There are 2 protein chains.
Amino acid sequence: MEIENQVSLTSVPGVMAASGYLGIKRDGVPDAALFVIPEPGAYSGVFTQNQFKSACVESALDRLHAGKSIQAVLITSGNANAGTGLQGRADTEMLAAATAKQIGCKADEVVVLHTGVIGVPLHAVRLLPKIPALVAALAPTPEAGKKAADAMRTTDTFSKTSIRQVHSGEGSFTVAGVAKGAGMIHPRLATMLSVLVTDLDISQEQLQKALQTAVSTTFNAISVDGDTSPNDSVILLSTGEKPLMDSDATNAFQDALTGVCEDLAKMIVKDGEGATKFIEVEVIGASSDEDAEKVAVTVVTSPLVKTAFFGEDFNPGRIVSAVGRSGARMDWEKVSVRIGDILVFKDQVFPAVEVGTSQVVMKADTIRVAIQIGDGEHRSKYFTSDLTYDYVRINSEYTT
Amino acid sequence: MEIENQVSLTSVPGVMAASGYLGIKRDGVPDAALFVIPEPGAYSGVFTQNQFKSACVESALDRLHAGKSIQAVLITSGNANAGTGLQGRADTEMLAAATAKQIGCKADEVVVLHTGVIGVPLHAVRLLPKIPALVAALAPTPEAGKKAADAMRTTDTFSKTSIRQVHSGEGSFTVAGVAKGAGMIHPRLATMLSVLVTDLDISQEQLQKALQTAVSTTFNAISVDGDTSPNDSVILLSTGEKPLMDSDATNAFQDALTGVCEDLAKMIVKDGEGATKFIEVEVIGASSDEDAEKVAVTVVTSPLVKTAFFGEDFNPGRIVSAVGRSGARMDWEKVSVRIGDILVFKDQVFPAVEVGTSQVVMKADTIRVAIQIGDGEHRSKYFTSDLTYDYVRINSEYTT
């Protein structure tokens, strides 16, 4: 998290950013962020799997399926524009058109993302007068990038940014990303949004494939109970400024993109509402990816496991019970579990552990749980946080 | 719950009960309950689906698969005898043999159930000297039945009993049950245990079928996230005293048995650790039972939905999001949701609801959520409670 606040999308050459107040929120707090690249560029995206989708996700998916190039991403905060019917979709397109007009591109070269309260009409027409000022504020400076990342925040306690600068052969390129989202189960239905930009010149097809690969082990590995909101979106644009040299560069790009996504995903978990611990659960020895994932998801979504970590209660029985009920194919006689460096379950029994030893592990801020379920080749890693009083407070007091 | 404390298994003619202290717990609090019928009778059981099983479940399953008749059920509290290997199984059988010797039946005509801490050796040999006194205390009185139901409690704040007395044609019979368990997700890995007895003379095969049918819509409908413990057990015995008259009686028996199980299951939810609300979620219009169940389970296990109910926060968006991510096949255009009598989602939009109207619904102790997902014939009903500060407190402070 050391890199927080030091970078934003403006670290990628040519990217401009702005933040502003459109009038969605009541208090004058910035409720819009805008990122623009010099020309429409290759566009890829991964969106919520929820059947309940915001108008903005439908709009962004339409552009993706039509193979559009994209020059700008507008993010508005305070209203999710979900469950708002045909008028909702018209509201999203209205904002895209108004932004495009000021930038000088086509309406379908702008992607609009919303986050906020569900089921309330957005009334975009009242927001349009503020769009020119937002576009006029665009700047390629770190300050503008930082303010735009801040404007994406809702319940986040800090803004989330990450960057990789890669030298591959004779070339070099950059991947940068910003994200908003707090909590391992998308509390408050606050959307997980991320916008990523690279200057590597890479085809739309390759871009989409790389993004899906990166998301599967990062952002998707923190959506621990699949509690997706109607608005979850990860978008990646390319300015196309830096030539793709060779296949080495392609691999380096994938690594850099996955790295940036993992940084951002871990920040979202660490910023989980009320979270006091970061918990990493790795499952190995599975006979398929699905089996590994079933075990990992069952453990990281167990309220019993998560409250035990909050209480720093050394409780291997809860983890082993979660493994046993996961529904994954496994060889129960070969199941073993480690918390940190401590072997807590093997050969169907719990070895005795000194209280002093277990306390050291449980008091750490970051706790690793390693679970072997057989001799297979497949594995899965998930990240989560603990379940705390503050989680209940924040999510029970929230009023739509 | 009005029937609490007024009945126990001793309400069935011939059933004797006892409670006592074997020495598992440290404080002299009763840690054993014993129920005995006049002769070995037809025995059926439904057990945890967790791959991690207590020695007592393995022992009870062996008797079930061998088609044994059973005369006595011994329940011990304080140690789950799970994750204890071969010695654990020997400990269970030792208790069965000692009890059988005093009663005058065979060792495999006694089922032993344990509940308590996981992974700690039981050392049954030290408990054996107290078995004769426990058996000597057997009595057919309401008081003995009541005390035995109480001795099953661990974190339960009240003992759970239910009865149905049925007149069918010229005959009559009784079904009675006791249960222990607190909370919808088996907090503390406290086991859900239930012992049921009928005096209807019914075959082992019919008994097993009836029990599975009853459990599927009652006890299994409160294991809301499948967070089964290694010890969960539901056992049904028949004394065989009352002749089975006709098929009407068979149907009446099924209804009575399901009714008793539903009473007990609801009591377990209402006794959920920290629970302040009882929530019933019914899904209709599904094209299969599995689809209906997927939606119901996703809604009742959503921490966001459960904290909103605790906060009495009218938040239909969280419910609709859970429906949308459930993975069930559904016709999204036909999805509608009601909270109490209020239609909160239909035709992909959220109708406006007066604040006063929504507050009345949210302040109730029992809240019904009805979800339609299409025009299919299949449905599912689940019960749960809200997610509260006390849930986090109890489960984070517990030390194994």
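Only a predicted model underlies this, so the values are computations on that prediction, with no experimental measurement involved.

## Some points on the interface of chain B and chain A
1) Next: With 48 residues of chain B at the interface, the matching set in chain A holds 48 residues.
2) Next: Elements with a contribution of two residues or more to the side of chain B that touches chain A: helix 8 (303–310), helix 9 (316–324) and helix 11 (389–397) of chain B.
3) Next: Sort the elements by how many residues they give to the side of chain B that touches chain A and helix 9 of chain B lands first, with 6 residues.
4) Next: Here the side of chain B that touches chain A is composed, by residue class, of 20 nonpolar, 23 polar and 5 charged.

## A short note on helix 8 of chain B
1) Next: Helix 8 of chain B sits mainly inside the fold: 8 of its 8 residues count as buried.
2) Next: Within the span of helix 8 of chain B, buried status applies to Pro303, Leu304, Val305, Lys306, Thr307, Ala308, Phe309 and Phe310 of chain B.

## Points about the nonpolar core
1) Next: Within the largest apolar cluster, 251 residues are counted, with the highest numbers of intra-cluster contacts made by Leu34, Phe35 and Val299 of chain A together with Leu34, Phe35 and Val299 of chain B.
2) Next: Contact partners of Phe35 of chain B, with chain neighbours within four places excluded, come to Leu9, Val15, Ala17, Ala72, Val73, Ala148 and Val195 of chain B.

## Description of the domain arrangement of chain A
1) Next: Taken domain by domain, chain A holds domain 1 (9–268) and domain 2 (278–397).
2) Next: Here the C-alpha centroids of domain 1 of chain A and domain 2 of chain A sit 33 Å apart.

## Side note on helix 5 (residues 204–216) of chain B
All names here are of chain B.
1) Next: Between the first and last C-alpha of helix 5 there are 18 Å, a value that for 13 residues agrees with the 18 Å anticipated at 1.5 Å per step.
2) Next: Every buried residue belonging to helix 5 is among Leu207, Ala210, Leu211, Ala214 and Val215, and all of these are buried. Looking down the long axis of helix 5, one finds its buried residues gathered within 130° of arc, a one-sided arrangement.
3) Next: Looking at the packing, one finds that the buried side of helix 5 touches strand 3 (43–47), strand 9 (233–242) and helix 6 (247–270).

## Quick notes on the environment of Val111 of chain A
Residues and elements named next belong to chain A.
1) Next: As for its placement among the helices and strands, Val111 is situated in strand 5 (residues 110–117).
2) Next: Spatially, the C-alpha atoms of Val111 and Ala97 are 10.0 Å apart, while their sequence positions differ by 14 residues.
3) Next: Setting aside its immediate chain neighbours within four residues, Val111 contacts Ala60, Arg63, Ile70, Val73 and Ile235.

## Observations concerning the sheet that holds strand 5 of chain A
Residue and element names in this part refer to chain A.
1) Next: The 4 strands lie next to each other as 1-2-4-5, forming an open sheet whose pairing is mixed. Two strands in the sheet have a free side with no partner beyond their single neighbour: strand 1 (16–20) and strand 5. The sheet shows a mean angle of 15° between the axes of neighbouring strands, taken without regard to direction.
2) Next: Relative to strand 5, strand 4 (residues 70–79) is paired through 8 bridges, and the arrangement is parallel. In the sheet register, Ser77 faces strand 5, and the bridge partner there is Thr115.

So, how was this worked out
Residues numbered from 1 in each chain as written. Chains lettered and ligands numbered in written order. Predicted model: local features only at pLDDT ≥ 70, side-chain atom pairs only at ≥ 80, totals over all residues. Contact = placed C-beta atoms within 7 Å. Helix = DSSP H or I, 4+ residues; strand = E, 2+ residues; numbered from the N terminus. Nonpolar A, V, L, I, M, F, W, Y, C, P; charged D, E, K, R; others polar. Buried ≥ 20, exposed ≤ 12 C-beta atoms within 10 Å, placed from the backbone. Core = buried A, V, L, I, M, F, W, Y, C linked by C-beta atoms within 7 Å. Domains from an automatic or database assignment. Expected span 1.5 Å × (residues − 1). Arc of directions from axis to C-beta. Pairing = 2+ DSSP bridges. Axes fitted to C-alpha atoms, helices over the stretch in contact; angles between N-to-C directions.

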